[in-house]
Amino acid sequence: MIKRILIVGGSNGIGLAIATELAVRDSTEKVYIVDKAAMAEEYNHPKIEGFLFDLRTEDYSFFDRFSDIDALMITAGFGKLALFKNVSEQHIIDSFNVNTIPVLRLIKRFYGKLDGKDDFYCGVMDSISGWMSSPFFAVYGATKAALKIFIESVNVELRKAGSKNVILNVSPGNIKGTNFYAGQNDLAILHDLSCEIIQHMENKDDVFIPKYDEVFKEVLQRYHNDFRKEGAHSYDYKLSSIR
């Protein structure tokens, strides 16, 4: 059971929802939140401690202070719905420097806990966009596809080394109740999903795709059968959504 967790990207959205869910547990001792933006005061809790840090920073020794954690959840990330021809080169650089590279660096920094004898709970917020072609989300999907393969590969290494710990890949579609699409945080909407993520982390599961049976099992099968056709379908769907 999680007692002391570090949530990177936890001042908003699903990260904040997970933080607040864990904070009200009697068994939780501490919730550390690291984000480039401060958490809104309305979410303050005695067990939650916030820190400001830009993941694009070169020096990650900042994270040495969290040596007491037994759980790590990385939810930081952003995306932009746009055709690849319309995104800037800087957007490409920033996307990988926030969505992808920090995950690898943080997993590397806390790898000793993952590979250790004690229980360590770890999760990464990936995306269903990383499992299939995602027109209008080409850059975002690329950053998430890299995470998918990274997590799967490291989990094999952990199992082969005899570790009882794994990294949970959380790959949802569109999540309501976050500010990802310039919306507003609504923790009531995020309650069930955040509880499910915590449960999968504590169960030491390696993959969790919300609404898999209802939606994504069929979508992934269609993609497997004909990735070109499903990619075109995704293009048309997003185009109609933008309009």
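Residue positions are given per chain, counted from 1 along the sequence in the order it is written. Whole-chain, interface and lining totals are the exception, using all residues; otherwise, since this is a predicted model, local features are given only for residues with pLDDT of at least 70 and side-chain atom pairs are given and counted only at 80 or more. Processing note: side-chain calculations cover all non-hydrogen atoms of the structure and skip hydrogens and water entirely.

(A) Spatial organisation of the pairing of strand S5 (residues 121-125). For S5, a buried count of five out of five residues is recorded, marking the element as mostly surrounded by other parts of the structure. Here the term buried applies to any residue with accessible area under 20% of the maximum for its type, exposed to any over 50%, and partly exposed to those in between, with areas from a 1.4 Å probe on protein chains only. Helix and strand assignments follow DSSP, with helices taken as H or I runs no shorter than four residues and strands as E runs no shorter than two, numbered in order from the N terminus. What you see with S5 is no split at all: Tyr121, Gly123 and Met125 on one side and Cys122 and Val124 on the other are buried throughout. The pairing of strand S4 (residues 71-74) with S5 spans four bridges and is classified as parallel. Residue isoleucine 74 lies in a different strand from S5, and its bridge partner there is valine 124. Think of it this way: DSSP has to see at least two bridges between two strands before they count as a pair. Both S5 and strand S6 (residues 167-170) contribute to a ladder of four bridges, which runs parallel. Paired with cysteine 122 across the strands is isoleucine 167, a residue of S6. Between S5 and its parallel partner S6, the chain crosses via helix H5 (residues 138-160), and the hand of that crossover is right-handed. Handedness of a crossover is defined as follows: orient the strands so they point away from the viewer, and if the path from the first strand over the helix to the second runs clockwise, the crossover is right-handed.

(B) How the structure looks around the sheet that holds S4. Spatially, the seven strands line up as an open sheet ordered S3-S2-S1-S4-S5-S6-S7, and their pairing is parallel. Edge strands, defined here as strands with exactly one partner in the open sheet, are strand S3 (48-52) and strand S7 (207-208). Where strand S1 (residues 4-8) lies against strand S2 (residues 30-35), five bridges are found, and the strand directions are parallel. The partner of valine 8 across the bridge, within S2, is valine 34. Strands S5 and S6 of the sheet are contacted by H5, whose axis makes an angle of about 150 degrees with S6. Two residues form a contact once any of their heavy atoms are found within 4.5 Å. Here an angle of 0 to 180 degrees is reported between the N-to-C directions of two axes, which are lines fitted to C-alpha atoms, with helices fitted over the stretch in contact. Packed onto the sheet, helix H6 (residues 187-202) meets S1, S4, S5, S6 and S7 and runs at close to 135 degrees relative to S5.

(C) Up close: unusual backbone geometry. Notably, lysine 204 is not glycine yet its phi reads approximately 60 degrees, a positive angle. As for its placement among the helices and strands, lysine 204 is situated in the loop between H6 and S7. Of note, lysine 211 is a non-glycine position whose phi angle comes to about 60 degrees, a positive value. Its place among the elements puts lysine 211 in the loop between S7 and helix H7 (212-225).

(D) Local environment of empty space enclosed by the protein. Points on a 1 Å grid, built from protein atoms alone, make a cavity when a 1.4 Å probe fits but cannot get out and make a pocket when they are open with protein on both sides within 12 Å along at least 5 of 7 lines; residues with an atom within 4 Å of a point are the lining residues. Grid points are joined across faces, edges and corners, and a volume is the space filled by probe spheres set on the points. This model, assessed by the stated rule, comprises one cavity of 30 Å³ or more. By volume, the largest cavity amounts to about 40 Å³. Residue type decides the class: Asp, Glu, Lys and Arg count as charged, Ala, Val, Leu, Ile, Met, Phe, Trp, Tyr, Cys and Pro as nonpolar, and the leftover types, Gly among them, as polar. Taken together, the residues that form the lining of the largest cavity break down as nine nonpolar, no polar and one charged.

(E) How the structure looks around the environment of glutamate 42. With respect to the secondary-structure elements, glutamate 42 resides in the loop between S2 and S3. Along the primary structure glutamate 42 and valine 166 are separated by 124 residues, whereas in three dimensions their C-alpha atoms are 34 Å apart.

(F) Up close: the packing of aromatic side chains. Ring pairs shown here join Phe, Tyr and Trp side chains whose ring centres sit within 6.5 Å, with only the six-membered ring taken for Trp; geometry is labelled stacked below 30 degrees between planes, edge-to-face above 60, and tilted in between. One pass over the structure, following the stated rule, counts 14 aromatic pairs. Ring geometry for phenylalanine 53 versus tyrosine 60: centroids 5.5 Å apart, planes at 85 degrees, classification edge-to-face. Side by side, phenylalanine 53 and tyrosine 60 carry an identical accessibility label, which is buried. Centre to centre, the rings of phenylalanine 62 and phenylalanine 66 are 5.9 Å apart; their planes meet at 65 degrees, and the pair counts as edge-to-face. The pair formed by phenylalanine 62 and phenylalanine 66 is uniform in burial state, with each residue classed as buried. One aromatic cluster is present, formed by Tyr32, Phe51, Phe53, Tyr60, Phe62, Phe63 and Phe66 through successive ring pairs. The criterion for a charge sitting over a ring is simple: Lys NZ or Arg CZ within 6 Å of the ring centre, and within 35 degrees of the ring normal. In this structure, arginine 105 packs its charged tip against the face of tyrosine 60, placed 3.7 Å from the ring centre. Over the face of the ring belonging to tryptophan 131 we find lysine 148, whose NZ or CZ atom lies 4.6 Å from the ring centre.

(G) Focus on helix H2 (residues 89-99). Among all positions in H2, only His91, Asp94, Ser95, Val98 and Asn99 are buried. For H2, the angular spread of buried residues about the axis comes to 105 degrees, placing them on one side. Note that the arc is defined by the directions from the helix axis to the C-beta atoms.

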